[in-house]
Amino acid sequence: MTFPNISGTDDEGVIVAALGPTNTGKTHRAVSRMLEYPSGMIGLPLRLLAREVYDRITLALGESQVALVTGEEKRVPARPRFWVCTVEAMPSDQRVDFLAVDEIQLAGHPERGHVFTERLLEARGSKETWFMGADTMRPLVRALVPSARIQRFPRLSRLSAAGSYSLGSLPPRSAVVAFSANRLYSLAERLRARRGGTAVVLGALSPRARNAQVAMYQAGEVDYLVATDAIGMGLNLDVERIALADRRKFDGKETRLLDLAELSQVAGRAGRFHTDGAFGTLAPEPRLPPDIERRIETHRLPEQTTLVWRNHELCFDSLEDLIQSLRQRPEPGPLCPLAHADDYAALAVLAGRPEIARHAQNPEQVRLLWEVCQIPDYRQLLLDHHPNLLGELFLELSRHTRLADAWIGPRVERLCRTDGDIETLMQRIAFVRTWTYVANRDRWLSDPAEWQERTRRLEDDLSDALHRALVARFIDVRKSSSHGRPPAAADQSHPFSALQKLREGLAPASPPSEENLSYALAEAAHGAFSVSSRGRVSFEHHDVAQFVRGRVLVEPEIALAELTLAPGALGQVRRRLQAFAKDFVRDALKDLAEEPHDASAALRGLCYQLRHSLGTLDRPAAEALLRVLDERDRQALAQLGVLVGRRAVFAPALLDADTLHRRRVLTQTFYGALPPDAGSRRPVMPFDPALPASGYLALGWLVVAPFAVRVDLLEELLAGPASLRTSDALARKARLPPDQAAALARALGFGGAKRPRRRRRRRPPARERER
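Residues numbered from 1 in each chain as written. Predicted model: local features only at pLDDT ≥ 70, side-chain atom pairs only at ≥ 80, totals over all residues. Heavy atoms only, no water.

A.B. asks: Go over the sheet that holds strand 8 (residues 149-152) with me, naming the residues and quoting the values.
C.D. replies: Sheet strands line up and pair through hydrogen bonds in the backbone, either parallel or antiparallel. Read from one edge to the other, the open sheet built from 8 strands follows the order 4-3-5-2-6-7-1-8, with strand pairing classed as mixed. Each edge of the open sheet carries a strand with a single partner, namely strand 4 (74-75) and strand 8. Here strand 2 (residues 40-44) runs beside strand 5 (residues 82-86); their pairing, made up of 5 bridges, is parallel. When the bridges of strand 5 are listed, glycine 43 appears paired with cysteine 85. (Pairing = 2+ DSSP bridges. Helix = DSSP H or I, 4+ residues; strand = E, 2+ residues; numbered from the N terminus.)

Below, the structure is given as structure tokens:
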């Protein structure tokens with residue numbers, strides 16, 4: 001894939017290389033910087049990290065402004081401002097003001113490095129670009145991106161060598177790192193016997209199962225974690241100590257010692273934010289050499305000298321041209337050609353098959369074959385199983401344009417089983433992830449949304465079964481609670497496991513599992529929630545939360561109902577509901593939620609006031625800002641749908657029934673009161689001093705004591721003809737009895753204008769009548 005300069009211009013804007021060791025807050029700083037711009041994109045090395053950052057941003061902004069894109073998942077709202085992606089999935093056609101790529105040192109990775117290298121060389125935000133990674137990248141960044149401003153960030157906490165631990169001396173909140181599944185399982189079983197149990201994290205777990213295991217550790221249900229070096233890639237865990245059970249790993253070709261950079265990356269996961277961390281080895285693995293320990297403590301690592309490169313300007317005229325363009329080598333220098341790639345290996349195998357070659361005879365079909373070859377080999381089977389599957393897919397797409405339901409259905413259906421041991425479930429999940437990836441290629445299926453939902457649901461069911469199997473094998477529920485916490489019992493062990501109050505109200509004909517129901521709440525679409533006028537949030541006919549008063553009117557907080565959720569699920573559900581609250585406010589503000597582009601200070605101030613009063617201002621209070629608006633500002637204000645009237649500044653679009661309901665919810669939440677007639681259709685109501693004038697403005701009404709008048713009617717009366725200002729006209733327009741209509745006329749300064757009387761003809765004198 002060609003990844004052009006996203007800005008679409010030769011001006012790269014500001015480029016920052018934020019470099020430093022682990023736990024320096026680089027990613028946090030980049031996300032904060034991105035949110036200062038109108039639009040942005042960040043690429044992260046893992047799907048789990050992308051989801052973690054997505055959750056953090058949506059917690060602040062709501063889900064309507066943020067897209068999540070990975071190889072297996074797409075959550076793209078109608079008009080996203082920010083894109084959170086895995087590095088490989090960053091869309092190349094999105095122009096954004098700010099762009100960031102995390103863990104840029106992975107440009108040296110033998111398999112994935114070429115993608116990171118391409119981002120380093122090509123991907124740019126129109127105004128600012130950040131590359132975050134290890135300080136070892138400094139010389140290569142200077143050489144390849146000479147305009148980059150390098151900023152080095154120190155570690156936020158101290159990292160110390162602790163020598164060697166035994167399993168018995170390992171303190172709580174420790175992670176043991178091993179590099180094979182068998183070794184990892186053995187250590188986990190020993191920790192179960194001695195300490196009650198452990199969470200398990202390895203690369204072969206599905207993201208959902210891995211999240212569940214991490215959530216169990218983070219919630220304190222277990223005090224130990226056994227993991228592969230998957231934890232070294234930025235997973236944010238409350239780990240105080242790292243114990244290396246092995247220093248050798250199989251890298252796909254050979255078993256070798258970890259290099260210093262790899263040791264530092266894993267050891268650096270100890271300690272988070274300002275909490276100090278320690279690292280060491282686990283007996284019988286000998287202690288690290290003193291020189292290695294000192295270099296890890298002081299972050300003195302060898303500089304990277306080469307990056308992996310592959311040509312991305314591919315030629316699809318023929319199979320031979322495609323293969324030749326993939327074989328192109330870089331110019332002499334720090335860029336080294338990609339030695340092995342699964343997609344290229346699959347292409348080479350398939351290109352040699354006559355039937356495939358017959359169908360790949362034009363650029364469109366050659367491009368399709370290459371897209372199919374890029375499906376990851378999640379299954380990792382021997383021989384030619386993966387190329388065989390890719391060949392079947394390509395031929396089906398080549399012949400029929402899309403995969404028929406009858407073709408893909410049986411292949412997915414045979415995986416719909418949740419029985420089996422840990423290894424069986426992991427293998428089944430790997431197969432499903434292949435179909436999840438396929439389902440997210442919209443052009444390949446007639447109903448991609450349906451298949452995305454089916455494969456996601458199947459992967460979730462298998463992941464939940466896998467998590468239960470891991471808990472059953474590696475946690476002794478009688479011992480696991482080391483600090484008086486309730487044990488992670490098998491029937492309540494999943495972090496998404498206990499929405500009991502919701503479950504009670506569902507139809508008994510086909511009760512969903514606790515995991516599915518909890519996940520449904522945590523992943524529910526915006527429209528799945530409803531809010532009463534008193535701020536009660538409901539899901540599936542059950543109250544799940546309550547809007548409560550926040551710092552300001554447009555920032556309500558969320559208080560969860562007393563749901564029997566395990567700690568891991570609690571965080572997911574709270575995040576979803578807080579994101580819903582943000583989106584609820586955006587829906588109430590419509591276009592006013594967005595600040596106009598290149599606005600003057602006066603216009604920004606006026607829009608800020610409008611947002612914080614839900615779209616209605618008393619004109620005298622805004623007069624100082626209105627006086628300094630220039631013609632350009634007034635045009636921008638009109639584009640936002642704002643009218644400047646005689647008594648009010650307001651947005652008529654925010655007076656429809658749905659938006660007025662949202663305004664009533666937010667007003668009730670913040671002020672704790674609503675006028676009795678707030679929900680009626682009457683445009684005039686008696687003024688109730690229990691709600692201040694600012695509360696009436698939030699509802700879309702202006703106080704004209706002793707009344708409150710809806711702002712659009714008020715402006716119509718003030719700007720309309722004199723015939724609207726009579727008592728009779730007011731009575732009809734405002735739906736008021738005559739005496740109240742007369743009182744309103746006086747309050748509006750109409751002088752109590754009475755109905756004009758028809759002039760009676762003067763009766764002539766009797767003499768004239770006689771004539």
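A.B. asks: Before we move on, can you summarise the pattern of salt bridges with the specific residues and values?
C.D. replies: Applying the stated criterion across every chain yields a total of 40 salt bridges. Taking the shortest distance from any N to any O, the salt bridge between arginine 456 and glutamate 453 comes out at 2.7 Å. A residue pair is termed a helical-turn pair when its members lie 3 or 4 positions apart in one helix, as arginine 456 and glutamate 453 do in helix 16 (residues 448-474) at 3 residues. Judged by its relative accessible area of 25%, arginine 456 falls in the partly exposed class. (Salt bridge = Lys/Arg side-chain N within 4 Å of Asp/Glu carboxyl O. Buried < 20%, exposed > 50% of the residue type's maximum accessible area, 1.4 Å probe, protein only.)

A.B. asks: Pulling in residues and values, what's your account of the side chain of serine 264?
C.D. replies: Topologically, serine 264 is positioned in helix 7 (residues 260-267). For serine 264, a relative accessible area of 11% translates into the label buried. Those residues in contact with serine 264 that lie beyond four places of it in its chain are Ile296 and Leu301. (Contact = heavy atoms within 4.5 Å.)

A.B. asks: Please provide a residue-by-residue account of the pairing of strand 3 (residues 66-69), values included.
C.D. replies: Burial of the side chains of strand 3 extends over both faces: Val66 and Leu68 are buried on one face and Ala67 and Val69 on the other. With 4 bridges connecting them, strand 3 and strand 5 associate as parallel partners. When the bridges of strand 5 are listed, alanine 67 appears paired with tryptophan 83. Pairing of strand 3 with strand 4, which is carried by 2 bridges, proceeds in the antiparallel orientation. In the sheet register, leucine 68 faces strand 4, and the bridge partner there is arginine 75. Joining the antiparallel neighbours strand 3 and strand 4 is a turn of 4 residues.

A.B. asks: Which residues make up the packing of helix 26 (residues 727-734) against helix 27 (residues 738-747), and what are the values?
C.D. replies: Between helix 26 and helix 27, the shortest axis-to-axis distance is 8 Å and the interhelical angle comes to 105°. Considered as vectors, helix 26 and helix 27 are oriented roughly perpendicular to each other. Of helix 27, the residues touching helix 26 (which contributes Ser727, Leu730, Ala731 and Ala734) are Ala741, Ala742, Leu744 and Ala745. Grouping the constituent residues of the contact of helix 26 with helix 27 by class yields 7 nonpolar, 1 polar and no charged. (Axes fitted to C-alpha atoms, helices over the stretch in contact; angles between N-to-C directions. Parallel < 35°, antiparallel > 145°, perpendicular 65-115°, else oblique. Nonpolar A, V, L, I, M, F, W, Y, C, P; charged D, E, K, R; others polar.)

A.B. asks: Explain helix 14 (residues 405-413) to me, using residue names and the numbers behind them.
C.D. replies: The complete set of buried residues in helix 14 reads Trp407, Ile408, Gly409 and Val412. The inward-facing, buried residues of helix 14 abut helix 13 (385-400), helix 15 (422-439) and helix 16.

A.B. asks: I'd love a proper account of the environment of aspartate 405, names of residues and values included.
C.D. replies: The residue aspartate 405 is located in helix 14 in this model. Residue aspartate 405 is classed as partly exposed on the basis of its relative accessible area of 43%. A sequence separation of 46 residues divides aspartate 405 from tryptophan 451, and the C-alpha atoms of the two residues are 9.0 Å apart. Leave out the neighbours within four places in its chain, and aspartate 405 touches Pro410 and Trp451.

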